[in-house]
Amino acid sequence: MGRSPRKDLTAGLTVAIVALPLALGFGISSGAGAEAGLVTAVIAGTVAAVFGGSNLQVTGPTGAMTVVLVPIVHRYGLNGVLTVGLLAGVLLIVLALARAGRWMAYVPVPVVEGFTLGIAAVIALQQVPAALGVKAPAGDNPAVVAARAARDFAADPGWTAALMAAGVVALMLLGARLRPSVPFSLVAVVLATLLVRSAHLHVATIGHLPAGLPAPSLSFVEAGQVLGLLPSALAVAVLAALESLMSASAADAMSVAERHDSNRELFGQGLANLAAPLFGGVAATGAIARTAVNVRTGAVSRLSALVHAAVLMVIVLAAAPLVAGIPLAALAGVLIATAVRMVEVGSLRALARSGRGEALVMGLTAVVTLASTLVNAVIVGLLAAGVLALRQVARAARLDQVPLYADLIPADHHEEEQRLLAEHIVAYRIDGPLLFTAAHRFLLELTEQADIRVVILRMSRVSALDSSGAKVLGDAIDKLSRRGTLVLVSGVREDHRSRLNALGVLDRLHEAGRVFPGTPEAIAYARAHLHGTGLLPDPPHPEQAAAVR
């Protein structure tokens, strides 16, 4: 942290200015209150900066996490949120000790983009009641709540809050285009607060804030309710892991030489989520937007994240009365603009153009995020992406009929011999993965041939083989053999031989001497067999006759 403290101080101050309205807004959106958002940014931001695995990560309350916390607040109250945060911290530490960080890199891009799109929609919909200046209707689904709020507003419209929220959104979005370096979220909140005070507008504000951090407390739910909170804690832990590691990866991409330690990052996030609830904070994650601001303003070490937490702490201690006067409609506008900026339109268009499958996965993940829980969205997205990947694997497997002359020595290139061999012998080359997704199609293609006396299966180009593929291969060999077709196999790779032997797929062929290292030996055996049955007029060569015996 002593490399370039001036840069870190500047970056930390800038991030704190950006983080203040977001921390307040996300605290309110979660249902825990504005003070909970500030406490989370201070405590979790400090702990994660010290113990996390990224030098540039900034941790705090995020919009994605509020989506999970809102139903918990409705059902269990604030104590339920604190308990979930504590349990999620324990689970994150377990994931870190199990070195699960590396697996997060395998989440497909369409799932991440769909997840982000769905979260952005949920965040925006959650702000509709505050943006319209109406009391939040009952309900868990954000789309339903937003529709009810719009209905209540239409019945008795009050335009002050709506115009204020719209003005904040417009200022942030236009300002980000014209002057990206200026923290327009804070500018918009300050202007809205001054307008309310000077014009004596009647709009809801944050209200009283305690001047300082609360004392550590162990006020959680009763022991009997903990089991019911475990699914929610798992959802929070998975979300915290995904969002934090994605944010750390984004920081690596924006910097020159930084590389985060994923398992240490999980450990730091776990400690942060253990500490924040003790002071009344909500669950926290690495925040992509704040981390990006941190990197772009020149941060070089963890000092910037610590400065960000310290500045917010000073605000809590010294400016609580000023913060209490911030209009809720202004914070709703900040979060709506933040949700809009979360969506990378260029990335969505690129994915949509890359193929219908990727677009379907992305859209499905976004819809489930909006309609159900975030964990369900990730599970559905991963399953859909897995099905798409298996479909592509199945298409990659090919069964091609290949000419025999390519594997015969030049002396055997006689037209009459070639014609007769081609009438009775078919050689197939299996390319790509022979897995369960392609195995049954392979069986159908292979057994459609009629009136063929010898089939040679060339397996040197099989890239992968699972138990299903091996079993279907055995079924195809048995079916051809029952029809009176002689089946020969060549070029079995050593790493596939053990699985085939374990399942007994080639046992009968091995006993009959019909498994060969190369295709020329298999063709020689097939030719000798055809001579022996009288299908070829020329007498067999001595070595071919010996091979048949």
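Whatever comes next refers back to the structure up there.
Calculation criteria
- Residues numbered from 1 in each chain as written.
- Predicted model: local features only at pLDDT ≥ 70, side-chain atom pairs only at ≥ 80, totals over all residues.
- Heavy atoms only, no water.
- Helix = DSSP H or I, 4+ residues; strand = E, 2+ residues; numbered from the N terminus.
- Buried < 20%, exposed > 50% of the residue type's maximum accessible area, 1.4 Å probe, protein only.
- Contact = heavy atoms within 4.5 Å.
- Areas by Shrake-Rupley, 256 points an atom, 1.4 Å probe, with all protein chains shown as cover.
- Polar contact = N/O pair within 3.5 Å; in protein donor to acceptor, adjacent residues only side chain to side chain.
- Core = buried A, V, L, I, M, F, W, Y, C linked by side-chain atoms within 4.5 Å.
- Expected span 1.5 Å × (residues − 1).
- Phe/Tyr/Trp six-rings, centres within 6.5 Å; stacked < 30°, edge-to-face > 60°.
- Axes fitted to C-alpha atoms, helices over the stretch in contact; angles between N-to-C directions.
- Parallel < 35°, antiparallel > 145°, perpendicular 65-115°, else oblique.
- Left-handed = near helix turned anticlockwise from the far one by under 90°.
- Nonpolar A, V, L, I, M, F, W, Y, C, P; charged D, E, K, R; others polar.
- Pairing = 2+ DSSP bridges.
- Patch = residues over 30% accessible without salt bridge, like charges linked within 9 Å, V, L, I, M, F, W, Y side chains within 5 Å.
- Salt bridge = Lys/Arg side-chain N within 4 Å of Asp/Glu carboxyl O.

### Overview of the overall build of the protein
At step 1: Along the protein, the regular secondary structure elements total 25 helices and 8 strands.
At step 2: Taking all 549 residues of the protein together, 50% fall into the buried category.
At step 3: Long-range pairs, those at least 24 residues apart, make up 82% of the contacts in the protein with a sequence separation of at least 6.
At step 4: Total accessible area on the protein stands at roughly 25200 Å², and carbon and sulfur atoms take up 62% of it.

### Points about the side chain of Thr-14
At step 1: By the secondary structure assignment, Thr-14 is in helix H1 (residues 5-30).
At step 2: Polar contacts involving the side chain of Thr-14 include one to the main-chain carbonyl oxygen of Thr-10, which spans 2.9 Å.
At step 3: The residues contacting Thr-14, other than those within four sequence positions of it, are Val-293 and Thr-297.

### Considering the side chain of Thr-62
At step 1: Within the fold, Thr-62 resides in the loop between strand E1 (59-60) and helix H3 (63-76).
At step 2: We classify Thr-62 as buried; its relative accessible area is 3%.
At step 3: Separated by 3.2 Å, the side chains of Thr-62 and Glu-243 make a polar contact.
At step 4: Within the structure, the side chain of Thr-62 is placed 3.4 Å from the side chain of Thr-285, a separation counted as a polar contact.
At step 5: Once residues lying within four places of it in the same chain are set aside, the contact partners of Thr-62 are Phe-26, Glu-243, Thr-285, Gly-286, Ala-287 and Arg-290.

### Things to note about the nonpolar core
At step 1: Counting residues in hydrophobic clusters, the biggest one holds 86 residues, and the most contacted among them are Leu-24, Val-236 and Leu-312.
At step 2: Within the second largest apolar cluster, 23 residues are counted, among which are Leu-399, Leu-465, Ala-470 and Val-492.

### Some thoughts on helix H5 (residues 109-126)
At step 1: The first and last C-alpha atoms of H5 sit 26 Å apart over 18 residues, in line with the 26 Å expected at 1.5 Å per residue.
At step 2: Taken residue by residue, H5 has Pro-110, Val-111, Glu-113, Gly-114, Phe-115, Gly-118, Ile-119, Ala-120, Val-122 and Ile-123 as its buried positions.

### Focus: the packing of aromatic side chains
At step 1: As enumerated under the stated definition, the model contains 2 aromatic pairs in all.
At step 2: Ring centres of Phe-153 and Trp-159 lie 5.1 Å apart, and the angle between their planes is 85 degrees; on these two criteria the pair is classed as edge-to-face.
At step 3: Relative to Tyr-525, the ring of Phe-516 has its centre 5.5 Å away and its plane inclined at 55 degrees; by these criteria the two rings are tilted.
At step 4: With a relative accessible area of 12%, Phe-516 lands in the buried category.
At step 5: Tyr-525 sits in the buried class, given a relative accessible area of 10%.

### A word on unusual backbone geometry
At step 1: At Arg-99, a residue that is not glycine, the phi angle is positive and equals roughly 55 degrees.
At step 2: Secondary-structure assignment places Arg-99 in the loop between helix H4 (78-97) and H5.
At step 3: One non-glycine residue, His-200, adopts positive backbone phi at about 55 degrees.
At step 4: Relative to the elements of secondary structure, His-200 occurs in the loop between helix H9 (184-199) and helix H10 (223-254).
At step 5: Residue His-200 is classed as exposed on the basis of its relative accessible area of 62%.

### Here we look at helix H8 (residues 159-178)
At step 1: Under the 1.5 Å per step criterion, the end-to-end length of H8 is 28 Å for 20 residues, consistent within 8% with the ideal 28 Å.
At step 2: Among the residues of H8, Ala-161, Ala-162, Met-164, Ala-165, Val-168, Val-169, Met-172 and Gly-175 are the ones counted as buried.
At step 3: Here the buried face of H8 lies against helix H6 (128-132), helix H7 (142-155), H9 and helix H15 (328-342).

### With respect to the packing of helix H2 (residues 34-51) against helix H13 (residues 303-318)
At step 1: Two numbers describe how H2 lies on H13: the axes approach to 9 Å, and their chain directions differ by 155 degrees. Taken together, the axis directions place H2 and H13 in an arrangement best described as roughly antiparallel. Seen along the crossing, H2 lies across H13 with a hand that is left-handed. Residues Leu-38, Ala-41, Val-42, Gly-45, Thr-46, Ala-49 and Val-50 of H2 form the contact with H13, whose participating residues are Ala-305, Leu-306, His-308, Ala-309, Leu-312, Met-313 and Val-316.
At step 2: Residues of the contact of H2 with H13, tallied by class, amount to 11 nonpolar, 3 polar and no charged.

### Quick word on the packing of H1 against H13
At step 1: Running from N to C, H1 and H13 point in directions that differ by 50 degrees, and their axes come no closer than 7 Å. When the axis of H1 is compared with that of H13, the two are oblique. H1 and H13 meet at a crossing whose hand is right-handed. Along the contact surface, H1 presents Pro-5, Asp-8, Leu-9, Ala-11, Gly-12, Leu-13, Val-15, Ala-16, Ala-19 and Leu-20, while H13 presents Leu-303, Ser-304, Val-307, His-308, Val-311, Leu-312 and Ile-315.
At step 2: Counted by class, the contact of H1 with H13 contains 13 nonpolar, 3 polar and 1 charged residues.

### As for the pairing of strand E5 (residues 454-458)
At step 1: Of all 5 residues making up E5, 5 are buried, and the element is well covered by its neighbours.
At step 2: Relative to E5, strand E4 (residues 425-434) is paired through 5 bridges, and the arrangement is parallel. From the neighbouring strand, Val-426 faces E5, where its bridge partner is Val-455.

### Observations concerning a nonpolar patch on the surface
At step 1: Residues Val-182, Val-187, Val-190, Leu-191 and Leu-194 make up a contiguous nonpolar surface patch of about 380 Å² in total accessible area.
At step 2: Within the element layout of this structure, Val-190 appears in helix H9.
At step 3: Residue classification places Val-190 among the partly exposed positions, given a relative accessible area of 39%.

### Looking at the pattern of salt bridges
At step 1: In the structure shown here, the tally under the stated rule is 6 salt bridges.
At step 2: Residue Glu-258 pairs with Arg-3 through a salt bridge whose shortest N-O separation is 4.0 Å. Of the two residues, Glu-258 is situated in the loop between H10 and helix H11 (262-275) and Arg-3 in the segment before H1; the sequence distance between them amounts to 255 residues.
At step 3: We classify Arg-3 as exposed; its relative accessible area is 61%.
At step 4: A salt bridge links Asp-152 to Arg-151; its shortest N-O distance comes to 3.7 Å.
At step 5: Residue classification places Asp-152 among the partly exposed residues on the basis of a relative accessible area of 32%.

### Observations concerning the environment of Leu-503
At step 1: Note on placement: Leu-503 falls in the loop between helix H22 (494-502) and helix H23 (507-511).
At step 2: Through-space distance from the C-alpha of Leu-503 to that of Ser-467 is 7.9 Å; in sequence the pair is 36 residues apart.
At step 3: For Leu-503, the residues in contact, after removing those within four places along its chain, are Ser-467 and Ala-470.

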